[in-house]
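# Survey of secondary and tertiary structure
Given next are the chains, with one letter for each unit.
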Amino acid sequence: MTTLRELFWVLALGIIGCFVFFFALGAISLTDAIGVTVLVGVLCLLWAVHGATMRHHVERRHDPRLTHARERRGF
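One numbering rule holds for all chains: residues counted from 1, following each sequence as written. Given that the model is predicted, a residue must reach a pLDDT of at least 70 before its local features are reported, and side-chain atom pairs must reach 80 or more before they are shown or counted; all residues, however, enter totals for whole chains, interfaces and linings. Here the side-chain values reflect all heavy atoms present in the structure, with hydrogen atoms and water set aside.

### Some thoughts on the nonpolar core
If you look at the biggest cluster of nonpolar residues, it comprises six residues: W9, A12, I16, F19, V40 and L43. Numbering of helices and strands starts at the N terminus; helices are DSSP runs of H or I of at least 4 residues and strands are runs of E of at least 2. If you list the elements that add at least two residues to this core, you get α1 (2-25) and α2 (34-60). The dominant element in this core, judged by the number of residues it contributes, is α1, at four residues. What V40 contacts, discounting residues up to four positions off in sequence, is I15, I16 and F19. In this text, buried Ala, Val, Leu, Ile, Met, Phe, Trp, Tyr and Cys residues form a nonpolar core when linked through side-chain atoms within 4.5 Å. The rule is simple: take the accessible area with a 1.4 Å probe, protein chains only, and divide by the maximum for that residue type; under 20% is buried, over 50% is exposed, in between is partly exposed. Any two residues having at least one pair of non-hydrogen atoms within 4.5 Å are treated as being in contact.

### Quick word on the packing of aromatic side chains
Pairing of aromatic rings covers Phe, Tyr and Trp, the last through its six-membered ring, and needs centres within 6.5 Å; plane angles under 30 degrees mean stacked, over 60 mean edge-to-face, and all others mean tilted. Tallied over the entire structure, the rule returns three aromatic pairs. The interplanar angle of 70° and the centroid separation of 4.9 Å between the aromatic rings of F8 and W9 together place this pair among those described as edge-to-face. For F8, a relative accessible area of 40% corresponds to the partly exposed category. With relative accessibility at 15%, the residue W9 sits in the buried group. The interplanar angle of 70° and the centroid separation of 5.2 Å between the aromatic rings of F21 and F22 together place this pair among those described as edge-to-face. Overall, the relative accessible area of 49% leaves F21 in the partly exposed class. Classification of F22 as partly exposed rests on a relative accessible area of 37%.

Structure below.
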């Protein structure tokens, strides 16, 4: 299940990147492709929420080697 979740986020980032690339080239107009623009906007919002939640989870993880080294030094 983790692999599918990671695959989704990689594909979402790829879609966002492609959209921004083609928008920068002028191949996509935001008003002409309103459905795609909304979809990419939702993906950007989901990506931001995902990044914020993953940052919160990563901050809670501790490397056991660092904990062991700190305890060995007496701190």
